[in-house]
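In case you want the letters, here they are:
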Amino acid sequence: MESIPSDIRTTTAEDGEVNLLTPEAWKALLSRYSHIVLVANSEAVDFERLRSELPETALYVFFNNVYKVLDEPFAGHAVLVARSGVMGANIVHRREVGDVLRFFAGDDFLGVINIRVSPEENFSEESRFRGAKARHLDLTQMLGDLYPQGKIATSGFATALWIADLQLPGKILLAGFSAKRSEKWKVFDVHDWTFEQIFLRLFARMGSISMLGGVDASPYSALAKRFPQVPPIEIAMTAAEVLSERLHNANGQIDRLMSVTKSIRAVENFFRRFKPKTRKERYLEKTKK
């Protein structure tokens, strides 16, 4: 296992002490890699392309339930970002640490980065990660005034923004950041996917990061080439006009579906009252007492 700088400061969480590296220590740790590749839990990830095009000096950043993208142990420099919830790291309180960490072994595994992005989330102490080297990262202040109110940032977006702000010498690549729901994996409404995609694509066009797919193939870039005499703002406003009309039409169909399924939802809500409480719900009730 690669060593982590000792330049740390320590704080206390509900379940024990956690170690927070300083920005300088994180930069020293990650500057040794030629590429920092953030791998989303998405079917859009093309691992064969990644591994064939990138050198062995690339660091791959995985998130939470990596079995969504990995079928076998990963051979290469890797680090796992474990997102926290109100009960600590999600993979800890869901008892998935073993299922996740079995994909990583050897000296090339940098360990676990337990992150939180809102004040309601709590860290899990290092001992809860079954012997894996773990450090903690608090991104609440970074996202506090940036992210839309009422929503919470995804782990991938928060990590991408944090790594970009470190101004590392290596190139930052985002793989599979499509924000699209698939037949296998869903996207959660608690996140503002539209805001994140706009932000990341602007970041990519500024050159701060690179996105594999999506940005370079934008059809609106083709419009600008086809109509060079039209100012970019006119193209943007025309695109917004069309999208607004399509969204209005879609909302009409959604309203119709809501009306048709009213009785079905009433039956579902009735039976939901008899569903046993989850561990998280019981935990929240206990903390309020």
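Thresholds, definitions, all that
Residues numbered from 1 in each chain as written. Predicted model: local features only at pLDDT ≥ 70, side-chain atom pairs only at ≥ 80, totals over all residues. Heavy atoms only, no water. Patch = residues over 30% accessible without salt bridge, like charges linked within 9 Å, V, L, I, M, F, W, Y side chains within 5 Å. Areas by Shrake-Rupley, 256 points an atom, 1.4 Å probe, with all protein chains shown as cover. Salt bridge = Lys/Arg side-chain N within 4 Å of Asp/Glu carboxyl O. Helix = DSSP H or I, 4+ residues; strand = E, 2+ residues; numbered from the N terminus. Buried < 20%, exposed > 50% of the residue type's maximum accessible area, 1.4 Å probe, protein only. Pairing = 2+ DSSP bridges. Right-handed = clockwise from strand over helix to strand, strands pointing away. Axes fitted to C-alpha atoms, helices over the stretch in contact; angles between N-to-C directions. Parallel < 35°, antiparallel > 145°, perpendicular 65-115°, else oblique. Left-handed = near helix turned anticlockwise from the far one by under 90°. Contact = heavy atoms within 4.5 Å. Nonpolar A, V, L, I, M, F, W, Y, C, P; charged D, E, K, R; others polar. Polar contact = N/O pair within 3.5 Å; in protein donor to acceptor, adjacent residues only side chain to side chain. 1 Å grid on protein atoms, 1.4 Å probe; cavity = no way out; pocket = protein on both sides within 12 Å on 5 of 7 lines; lining within 4 Å. Points joined across faces, edges and corners; volume = space filled by probe spheres on them.

A.B. asks: Describe a nonpolar patch on the surface, naming the residues involved and giving the relevant values.
C.D. replies: On the surface, Tyr220, Leu223, Phe227 and Leu243 cluster together to form a nonpolar patch covering roughly 360 Å² of accessible area. Secondary-structure assignment places Tyr220 in helix 8 (residues 219-226).

A.B. asks: Which residues make up unusual backbone geometry, and what are the values?
C.D. replies: One non-glycine residue, Asn64, adopts positive backbone phi at about 50°. With respect to the helices, strands and loops of the structure, Asn64 is situated in the loop between strand 4 (58-63) and strand 5 (77-85). Of note, Arg95 is a non-glycine position whose phi angle comes to about 60°, a positive value. Structurally, Arg95 is set in the loop between helix 3 (90-93) and helix 4 (97-101).

A.B. asks: Break down the pairing of strand 3 (residues 35-39) for me, citing the residues and quoting the values.
C.D. replies: Of all five residues making up strand 3, five are buried, and the element is well covered by its neighbours. Side-chain alternation along strand 3 places His35, Val37 and Val39 on one buried face and Ile36 and Leu38 on a second face that is also buried. Summarising the sheet, strand 3 and strand 4 pair through four bridges and their orientation is parallel. Within strand 4, the position partnered with Ile36 by the bridge is Leu59. One crossover worth recording links strand 3 to the parallel strand 4 by way of helix 2 (residues 47-53), and it is right-handed. Across five bridges, strand 3 lies against strand 9 (residues 171-175) in parallel orientation. Bridge pairing links Val37 to Leu173 in strand 9.

A.B. asks: I'd like a description of the packing of helix 6 (residues 155-165) against helix 7 (residues 193-206), backed by residues and values.
C.D. replies: Think of two packed helices as two axes; the pair is described by the angle between the axes and how far apart they sit. The interhelical angle for the contact between helix 6 and helix 7, taken along N-to-C directions, is 25°, at an axis separation of 11 Å. Here helix 6 is positioned roughly parallel relative to helix 7, judged by the angle of their axes. Taken as a pair, helix 6 and helix 7 cross one another with a handedness that is left-handed. Seen from helix 6, the contacting residues are Phe157, Ala160, Leu161 and Ala164; seen from helix 7, they are Phe195, Glu196, Phe199, Leu200 and Phe203. Of the residues that constitute the contact of helix 6 with helix 7, the class distribution is eight nonpolar, no polar and one charged.

A.B. asks: Now, about the side chain of His35: what can you tell me, with residues and values included?
C.D. replies: Here His35 is to be found in strand 3. On the basis of relative accessible area, His35 is assigned to the buried category, the value being 16%. Within the local environment of His35, its side chain forms a polar contact with the side chain of Ser34, the two groups lying 2.9 Å apart. The contacts of His35, once residues within four sequence positions are left out, are Leu54, Pro55, Thr57, Ala58, Leu59, Lys171 and Leu173.

A.B. asks: Run through the pattern of salt bridges, naming residues and quoting values.
C.D. replies: Taken as a whole and assessed by the stated rule, the structure comprises four salt bridges. The salt bridge involving Arg49 is made with Glu53; its shortest N-O contact spans 3.4 Å. Placement of both Arg49 and Glu53 in helix 2 is noted, with a separation of four residues, approximately one turn of the helix. A relative accessible area of 39% places Arg49 in the partly exposed class. Judged by its relative accessible area of 54%, Glu53 is exposed. Measuring nitrogen to oxygen at the nearest pair gives 2.9 Å for the salt bridge that ties Asp138 to Arg116. Of this pair, Asp138 sits in strand 8 (residues 134-138) while Arg116 is found in strand 7 (residues 109-116), placing the two residues 22 residues apart along the sequence.

A.B. asks: Can you lay out empty space enclosed by the protein for me, pointing to particular residues and giving the numbers?
C.D. replies: Summed over all chains, the structure comprises two cavities of 30 Å³ or more. Here the largest cavity defines a volume of roughly 60 Å³. In terms of lining residues, the largest cavity is bounded by Leu30, Ile36, Leu59, Val61, Val79, Val81, Leu110, Ile113, Thr159, Trp162 and Ile163. Those elements that place two or more of their residues in the lining of the largest cavity are strand 4, strand 5, strand 7 and helix 6.

All quantities given are derived from atomic positions and should not be read as evidence of function.
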